[in-house]
Amino acid sequence: MDNWDEVRTAYQVARLGTVSGAAEVLGVHHATVIRHIDAIETRLGVKLFQRHARGYTPTEAGQDLLRVAQATDDQLNQLVGRLKGQGDDVSGELVVTSVESMSSVLVPLLARFQEEHPSLTIRFLTGARLFRLEYGEAHVAIRAGAVPDQPDNVVQPFRKQRFALYAHRDYLAEHGPFTGVEDMAKHRFVCDDDTISKAPFSRWMREYAPEGTRKFRVSSMNSILHGILSGAGIGFAACWDADKYPDLVQVLEPRDEWQAPLWLVTHVDLHRTSKVQTFLTFLKNEAKTWG
């Protein structure tokens, strides 16, 4: 690309969604932003944005540009910081992605980290889609299961996420006690609607809970927890989530076969930046206090 200014302008428009927002961040007139967008679209021969009354929405091509430009912008900012002797600065965006079941512990932690670094913008992403570090979609990923094997990623073991089987006190009062697998047919269960989920506890539930007992099926761990809390049935929850609710009863203790190993993943190009290293140190120290 001949003109980095145009790419940077398109990146800010994609990130903020409006010409005025991009103009303010870049310190230019809004007409300059529009001129840059028109020029880069003409040069590439593709539409990067859908224009509408609320602003600009990136097309698929625009999303591709956003991912690459974000990673490049991060690296350039870090380089400038080092050259100016400001390598300790923690600012800009920090994008963290994790399995959804960690939201309850990570969101308060991220809020505290931002308090310590007020010039930082936090973006916390969860969902079924795997956010790709090599495209600049995230700085730090917390992933569960088998060791991530994507090339150019730095992978560190983090800890294990413990799961147990829980029921609400009111559910047990109405449906009777649950003592183990022998009681499965007498109860109903809250479970993952994904019938091919590789989560260890999901596989166990599919194997041991008779088909007719899996009455309440949802698409996220957060919904499973709220299903258990509402008395819809017995289900799996992360221990650090369930411990917050005194009316939940642990009917089966955590087992090794249900545990999910967690991994800290960063891209090699950004792994040693001050922003990433500062957050990783903070995260590891905080994790020592988790039950």
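Each remark here, short or long, concerns the structure printed above.
Residues numbered from 1 in each chain as written. Predicted model: local features only at pLDDT ≥ 70, side-chain atom pairs only at ≥ 80, totals over all residues. Heavy atoms only, no water.

(A) Examining unusual backbone geometry more closely. Although it is not a glycine, Asp152 adopts a positive phi angle of roughly 70 degrees. Within the secondary structure, Asp152 sits in the loop between β5 (140-144) and β6 (153-161). Among the residues examined, Asp152 registers a relative accessible area of 52% and is labelled exposed. (Helix = DSSP H or I, 4+ residues; strand = E, 2+ residues; numbered from the N terminus. Buried < 20%, exposed > 50% of the residue type's maximum accessible area, 1.4 Å probe, protein only.)

(B) Seen up close, the sheet that holds strand β10 (residues 235-238). The strand order across the open sheet formed by three strands is β10-β7-β11, and the pairing between neighbours is antiparallel. Either end of the sheet is taken by a strand with one partner, and the two such strands are β10 and β11 (248-252). On average, each strand axis in the sheet is inclined to that of its neighbour by 55 degrees, with strand direction left out of account. Strand direction decides the pairing type here: strand β7 (residues 163-168) and β10, joined by four bridges, are antiparallel. Among the inter-strand pairings, Tyr166 is bridged to a residue of β10, identified as Gly235. Against the sheet, helix α7 (residues 200-208) makes contact with β7, β10 and β11, and its axis sits at roughly 170 degrees relative to β10, the strand it touches most. Of the strands in this sheet, β7, β10 and β11 are in contact with helix α8 (residues 221-229), which crosses β10 at around 120 degrees. (Pairing = 2+ DSSP bridges. Axes fitted to C-alpha atoms, helices over the stretch in contact; angles between N-to-C directions. Contact = heavy atoms within 4.5 Å.)

(C) Molecular detail of helix α3 (residues 30-44). Its 15 residues give α3 an end-to-end C-alpha distance of 21 Å, which sits within 8% of 21 Å, the value for a rise of 1.5 Å per residue. Along α3, the positions that sit buried rather than exposed are Thr32, Val33, His36, Ile37, Ile40 and Glu41. When α3 is viewed along its axis, its buried side chains cluster within an angular range of 165 degrees and face the same direction. Among the residues trailing α3, Gly45 stands out with phi positive, at a value near 70 degrees. (Expected span 1.5 Å × (residues − 1). Arc of directions from axis to C-beta.)

(D) Representation of the environment of Arg188. If you trace the backbone, Arg188 turns up in the loop between α6 (169-175) and β8 (190-192). A residue is classified by how much of its surface remains accessible, and Arg188, at 32% relative accessible area, is partly exposed. Between the alpha carbons of Arg188 and Val7 there is a distance of 55 Å; along the sequence they are 181 residues apart. Ignoring any residue separated from it by four or fewer positions in sequence, one finds Arg188 in contact with Tyr171, His175, Thr213, Lys215, Gly231, Ala232, Gly233 and Ile234.

(E) Broad picture of the environment of Pro210. Tracing the backbone shows Pro210 in the loop between α7 and β9 (216-218). Residue classification places Pro210 among the partly exposed positions, given a relative accessible area of 33%. In the structure, Pro210 is positioned 26 residues away from Met184 in sequence and 7.2 Å away in space, judged by C-alpha atoms. Apart from the residues within four sequence positions on either side, Pro210 is in contact with Met184 and Ala185.

(F) Up close: the nonpolar core. Met102, Phe158, Leu165, Phe279, Leu283 and Trp290 are the most contacted members of the largest nonpolar core, which has 56 residues in total. The biggest single contributor to this core is helix α10 (residues 274-287), with six residues. Per-domain counts for this core show at least three residues from each of domain 2 (88-161 + 261-288) and domain 3 (163-258). Setting aside residues up to four positions removed in sequence, Leu283 forms contacts with Leu106, Leu109, Ile142, Phe158, Leu264 and Trp290. Val7, Val19, Leu66 and Ala69 belong to the second largest nonpolar core, which has 17 residues in total. (Core = buried A, V, L, I, M, F, W, Y, C linked by side-chain atoms within 4.5 Å. Domains from an automatic or database assignment.)

(G) Quick look at the sheet that holds strand β3 (residues 92-98). Across the sheet, five strands lie side by side as β4-β3-β5-β12-β6; this open sheet has mixed pairing. Two strands bound the open sheet, and with one partner strand each, they are β4 (120-125) and β6. Going across the sheet, the axis of each strand differs from the next one's by a mean of 20 degrees, ignoring polarity.

Everything listed here is a matter of coordinates, which is why it stays silent on function.
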